[in-house]
Amino acid sequence: MPVSTVMLSQVFWVRLAALLFTCVAFSLAAHSANVHGGMADWCIFCWVFSFTCTLLVLLVEQFGLQARIPVSWSNFPITVACYAALLCLSASVIFPLFFLKEQGWWYADERSFRITSTIFSCLAAVAYICEVSLTKAKPGQVAGYMATVPGLLKVCQTVVACIIFILISNPVSYSHHAALEWCMAVYCICFIVSMVVVILCVGECTGFLPVPFSQFLSAYGLLAFLMYLSAVIVWPIFTFDKKYRRGGDMSKQIGVAVLTAINMLLYLADLVYTAHLVFITK
């Protein structure tokens, strides 16, 4: 059997498994686990989004409709898989953290459903990680931008920013000082531009930019890294210093600080990879 056929069959079964796992996770959470609030909505969104997009990819590929879909099929499936992997991974951490704390016999049934949702969320994350590893670009292989390391890093950057938005906005923890509003501006600007890059690549619209795409990525990578570097410095100072602190949930504010540092490192790695592709490989 040709290697390509084996690879396609592996990807198909991994996607099918992920479809089943996400379906079980959101079905139990929505109908039997009795969970409410913003974090519950985020987790259910993660599973439903992953399920819906995976189902779309499976149907398009099984019916051979790639040419009729107005997106780049060399970029779309791996983008979906990477987003789904990160979303399910975040749900696998957030869901038990917020909804497995309750004790007492009256929570026994709900707790069992919540544990089951968490288990299937973890299985879905593993399945999507396997799909990304099977479909990402190999060294020397010609592939779409989203199948390369910089493309996958763009997905990671936007997902981390989404989690920051959730933590920073409920309750609002950035409005009492201009420096924290600057941090919020950094998160928003970089999220929007990274999402635009993803959309341009998936929609095969990079040619519409007034400058070469590679130069745009290099300039944006440097600017985003410097902006996040400033946020890494400013956020802890104006959040944890007693002179500026306004109370609130410190665990969420610590989470924002950690995620800001993670995104700064992601932008640094993106900048290094992009510079290597643009300047060194020429």
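Residues numbered from 1 in each chain as written. Predicted model: local features only at pLDDT ≥ 70, side-chain atom pairs only at ≥ 80, totals over all residues. Heavy atoms only, no water.

### Focus on the overall build of the protein
Here is the rule we go by: Labels follow the DSSP assignment, with helices taken as runs of H or I lasting at least four residues and strands as runs of E lasting at least two, numbered in each case from the N terminus. For the exposure calls, accessible area comes from a 1.4 Å probe over protein chains only, and a residue counts as buried if that area is under 20% of its type's maximum, exposed if over 50%, partly exposed in between. What makes two residues a contact is simply this: any of their non-hydrogen atoms within 4.5 Å.
If you tally the helices and strands in the protein, you get eight helices and zero strands. The secondary structure elements of the protein, listed N-terminal to C-terminal, are α-α-α-α-α-α-α-α. Buried positions account for 45% of the 282 residues belonging to the protein. Of the contacts formed within the protein by residues at least 6 apart in sequence, a portion of 77% connects residues at least 24 apart.

### So, the packing of helix H6 (residues 178–202) against helix H7 (residues 213–240)
To be explicit about the condition: Note on definitions: angles span 0 to 180 degrees between N-to-C directions of axes, and those axes are lines fitted to C-alpha atoms, for helices only across the stretch in contact. For classification, angles of less than 35 degrees are called roughly parallel, those exceeding 145 degrees roughly antiparallel, those between 65 and 115 degrees roughly perpendicular, and all remaining angles oblique. By convention, the crossing between two helices is left-handed when the near helix turns anticlockwise from the far helix through less than a right angle, and right-handed when the turn is clockwise. Under this grouping Gly is polar, as are all residues other than the nonpolar Ala, Val, Leu, Ile, Met, Phe, Trp, Tyr, Cys and Pro and the charged Asp, Glu, Lys and Arg.
Where H6 meets H7, the axes come as close as 9 Å, and the angle between the chain directions of the two elements is 155°. Taken together, the axes of H6 and H7 are roughly antiparallel relative to one another. Once H6 is placed against H7, the crossing between them reads as left-handed. Residue classes in the contact of H6 with H7 are distributed as 22 nonpolar, three polar and no charged.

### Section: the pattern of salt bridges
Selection criterion: By definition, a salt bridge exists where a carboxyl oxygen of Asp or Glu is found within 4 Å of a side-chain nitrogen of Lys or Arg.
Throughout the structure, instances matching the rule amount to four salt bridges. A salt bridge links glutamate 131 to arginine 15; the shortest N-O distance between them is 2.7 Å. Here glutamate 131, found in helix H4 (residues 108–135), pairs with arginine 15, found in helix H1 (residues 3–31); they are 116 residues apart in sequence, far enough to count as distant. Each member of the pair glutamate 131 and arginine 15 is classed as buried. Note that arginine 114 is salt-bridged to glutamate 110, the shortest N-O span being 3.7 Å. Of this pair, arginine 114 and glutamate 110 both sit in helix H4, four residues apart, which is roughly one turn of that helix. Across the pair, exposure class does not vary: arginine 114 and glutamate 110 are buried alike. Salt bridges sharing partners connect three or more residues here, namely Arg15, Glu61 and Glu131.

### Considerations on the packing of aromatic side chains
Cut-off, in case you're wondering: Two aromatic rings, drawn from Phe, Tyr or Trp (for Trp, its six-membered ring), form a pair once their centres lie within 6.5 Å of each other, and the interplanar angle then sorts them: stacked below 30 degrees, edge-to-face above 60, tilted otherwise.
This structure, assessed with the given rule, holds 14 aromatic pairs. Residues tryptophan 47 and phenylalanine 95 carry aromatic rings whose centres are separated by 5.3 Å and whose planes lie at 65° to one another, so their mutual orientation is edge-to-face. Taken together, the positions of tryptophan 47 in helix H2 (residues 38–62) and phenylalanine 95 in helix H3 (residues 76–99) put the pair 48 residues apart, joining distant regions of the chain. Residue classification places tryptophan 47 among the buried positions, given a relative accessible area of 0%. Centre to centre, the rings of tyrosine 220 and tyrosine 267 are 6.2 Å apart; their planes meet at 90°, and the pair counts as edge-to-face. On the criterion of sequence distance, the pair formed by tyrosine 220 in helix H7 and tyrosine 267 in helix H8 (residues 250–280) is long-range, its members being 47 residues apart. Taking relative accessible area as the criterion, tyrosine 220 reaches 8% and is therefore assigned buried.

### Quick word on unusual backbone geometry
Peptide bonds are, in most cases, trans, and in most cases residues other than glycine have a negative phi. Positive phi, normally seen in glycine, also occurs at glutamate 204, with a value near 55°. If you trace the backbone, glutamate 204 turns up in the loop between H6 and H7. Residue glutamate 204 is classed as exposed on the basis of its relative accessible area, which comes to 57%.

### Regarding the nonpolar core
Note the following rule: Among buried residues, the Ala, Val, Leu, Ile, Met, Phe, Trp, Tyr and Cys ones that are joined through side-chain atoms within 4.5 Å form a nonpolar core. Domain segmentation is taken from an automatic or database assignment of domains.
Trp42, Trp47, Met146, Tyr187, Cys190, Tyr228 and Trp235 are the most contacted members of the largest nonpolar core, which has 85 residues in total. At the level of elements, H1, H2, H3, H4, helix H5 (149–169), H6, H7 and H8 are the ones that each hand at least two residues to this core. Top element by residues in this core is H3. It accounts for 14 residues. Two domains each donate at least three residues to this core, and these are domain 1 (1–144) and domain 2 (148–281). Discounting residues that sit within four places of it in the chain, cysteine 190 has contacts with Tyr220, Ala224, Met227, Tyr228 and Tyr267.

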